[in-house]
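Remarks on the overall topology
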Amino acid sequence: MYTLFLNRLLAMMRQTSAFAQSNTVVGFLVTIFLFIKSDIKTTLIPITILSASSAPLCTPDRIFPLVWWIFLHLLQFDTSNQIQDVEEDAKNKPIRPLPAGRISLAHATILRWGLVPACWIISVLHSGPVLFSSVALVLFTILYNELQAHRHWLTKNIVTAIGFASFEVGGTLIAGCDARHVDAVGRLSIAISTAVFATTIHTQDFKDEEGDRLTGRMTIPIVSPQVGRASVLPLLSIWSIALSFVWQLSWACTVLLVCFSVLIGGRFLLLRSRTADQTSFLLYN
């Protein structure tokens, strides 16, 4: 049934602009890639590393279902996000599938909601707790995008942090040897990373400030740009020191971690072009 659903969805997209540039499976895959392209380095790779480290990774072959699960849920989130405001993407990110004319809004919406049962089916094959993480991710995606929690910095930061936590819980369960249980170290790792995200995730908003102003979002770089930029350095430094004590790192590792935090915080404070903010956020991740 699941294969039949995907085949029917693929056939429907072939009849529209989804394959305007390439009426092949390759064209479809390129469209899918463009939906998640901007989040590969900032979400897919970091969450994979965090999950594999928190579990820890049971066997090397667990990396494949781990990456697949994170990828599918990331695609679910990105399609939901990108059907909300196509005009903004046309101005700021024209390479994305919708403004590029690779897929129509109607069929992107079908893809977005079709991915929900796909995510749940993939998740339940692992375990009930993985399914719970998937359901949570879908609910927080709806809250963030369709219910517009992203429009104010407070709700945006909280929902984003909990969304990342849901990613990590599901990923850690899949990466580990028992997909029904996360041990104490894994739980602590997820809790700390959630707190770090909640207090510093506004770093992702500096690079999008221009587009956010156009859509009326009230992010920290818009509401309080000076405080937002100045807060990054002390917050990252404090978290680096705290994490060094929690994980009992050597003094050399602690100094290295703090220096890297100062570098990133200093970049956000002193280098304020959109390109510089993109690089700074990549380093943050």
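Overview of the structure. (Residues numbered from 1 in each chain as written. Predicted model: local features only at pLDDT ≥ 70, side-chain atom pairs only at ≥ 80, totals over all residues. Heavy atoms only, no water.)

Quick look at the pattern of salt bridges
- Applying the stated criterion across every chain yields a total of nine salt bridges.
- Linking Asp 89 and Arg 96 is a salt bridge whose minimum nitrogen-to-oxygen distance equals 3.1 Å.
- For Asp 89, a relative accessible area of 6% puts it in the buried group.
- Classification of Arg 96 by relative accessible area gives buried; the value is 8%.
- In this structure, Asp 178 and Arg 180 form a salt bridge, with 3.1 Å as the shortest nitrogen-oxygen distance.
- Judged by its relative accessible area of 31%, Asp 178 is partly exposed. (Salt bridge = Lys/Arg side-chain N within 4 Å of Asp/Glu carboxyl O. Buried < 20%, exposed > 50% of the residue type's maximum accessible area, 1.4 Å probe, protein only.)

Section: the nonpolar core
- Formed by 45 residues in total, the largest nonpolar core has its most connected members in Phe 35, Ile 36, Trp 69, Ile 70, Leu 75, Phe 167 and Tyr 284.
- In this structure, Ile 70 is in contact with Leu 44, Ile 47, Thr 48, Ser 51 and Phe 167, ignoring residues within four places of it in sequence. (Core = buried A, V, L, I, M, F, W, Y, C linked by side-chain atoms within 4.5 Å. Contact = heavy atoms within 4.5 Å.)

Points about the packing of aromatic side chains
- On inspection of all chains with the given rule, the structure shows five aromatic pairs.
- Ring plane angle 55° and centroid distance 5.5 Å describe the contact between Phe 77 and Tyr 144, whose orientation is recorded as tilted. Of this pair, Phe 77 sits in helix α4 (residues 63-82) while Tyr 144 sits in helix α7 (residues 128-144), placing them 67 residues apart in sequence.
- Aromatic side chains Phe 206 and Phe 268 sit 5.5 Å apart centroid to centroid with 45° between the ring planes, which places their arrangement in the tilted category. Linking Phe 206 in the loop between α9 (184-200) and α10 (209-215) with Phe 268 in helix α13 (residues 251-270), this pair joins segments that are 62 residues apart in sequence. (Phe/Tyr/Trp six-rings, centres within 6.5 Å; stacked < 30°, edge-to-face > 60°. Helix = DSSP H or I, 4+ residues; strand = E, 2+ residues; numbered from the N terminus.)

What to know about the state of the cysteines
- Per the counting criterion, the structure on display carries one disulfide.
- One disulfide in the model links Cys 58 with Cys 177; its S-S distance is 1.9 Å. The chirality of the disulfide connecting Cys 58 with Cys 177 is right-handed, given an S-S dihedral of about 100°. Of the two residues, Cys 58 is situated in the loop between α3 (40-54) and α4 and Cys 177 in the loop between α8 (153-175) and α9; the sequence distance between them amounts to 119 residues.
- For Cys 177, a relative accessible area of 65% corresponds to the exposed category.
- The thiol sulfur of Cys 259 is not disulfide-bonded, and the nearest other cysteine sulfur, from Cys 253, lies at 12 Å.
- For Cys 259, a relative accessible area of 46% corresponds to the partly exposed category. (Disulfide = S-S within 2.5 Å.)

Looking at unusual backbone geometry
- Residue Ala 55 is joined to Pro 56 through a cis peptide bond whose omega torsion reads -15°.
- Of note, Pro 56 is situated in the loop between α3 and α4.
- Residue Gln 148 is not a glycine yet carries a positive backbone phi of 65°.
- Within the element layout of this structure, Gln 148 appears in the loop between α7 and α8.
- Using a relative accessible area of 43% as the deciding quantity, one classes Gln 148 as partly exposed.

So, the packing of α3 against α4
- Following both chains from N to C, one finds α3 and α4 inclined at 135°, their axes separated by 10 Å at the closest point. Viewed along their axes, α3 and α4 adopt a mutual orientation that is oblique. Crossing angle aside, the handedness with which α3 passes α4 is right-handed. In contact with Thr 43, Leu 44, Ile 47, Thr 48, Ser 51 and Ala 52 of α3, α4 contributes Ile 63, Leu 66, Val 67, Ile 70, Phe 71 and Leu 74.
- Broken down by class, the residue content of the contact of α3 with α4 amounts to nine nonpolar, three polar and no charged. (Axes fitted to C-alpha atoms, helices over the stretch in contact; angles between N-to-C directions. Parallel < 35°, antiparallel > 145°, perpendicular 65-115°, else oblique. Left-handed = near helix turned anticlockwise from the far one by under 90°. Nonpolar A, V, L, I, M, F, W, Y, C, P; charged D, E, K, R; others polar.)

Regarding helix α12 (residues 225-246)
- The terminal C-alpha atoms of α12 lie 31 Å apart, and with 22 residues this matches the ideal 32 Å at 1.5 Å per residue to within 8%.
- The largest bend along α12 measures about 30° and falls at Ser 231, with the proline Pro 234 one to four residues further on.
- For α12, the full list of buried residues reads Gly 228, Arg 229, Ser 231, Val 232, Leu 236, Ser 237, Ser 240 and Ser 244.
- Where α12 is buried, its residues meet α9, α11 (220-223), α13 and α14 (274-284).
- Once α12 finishes, Gln 248 follows within two positions and takes phi at roughly 55°, a positive value. (Expected span 1.5 Å × (residues − 1). Bend = angle between axes of the 7 residues up to and from the residue.)

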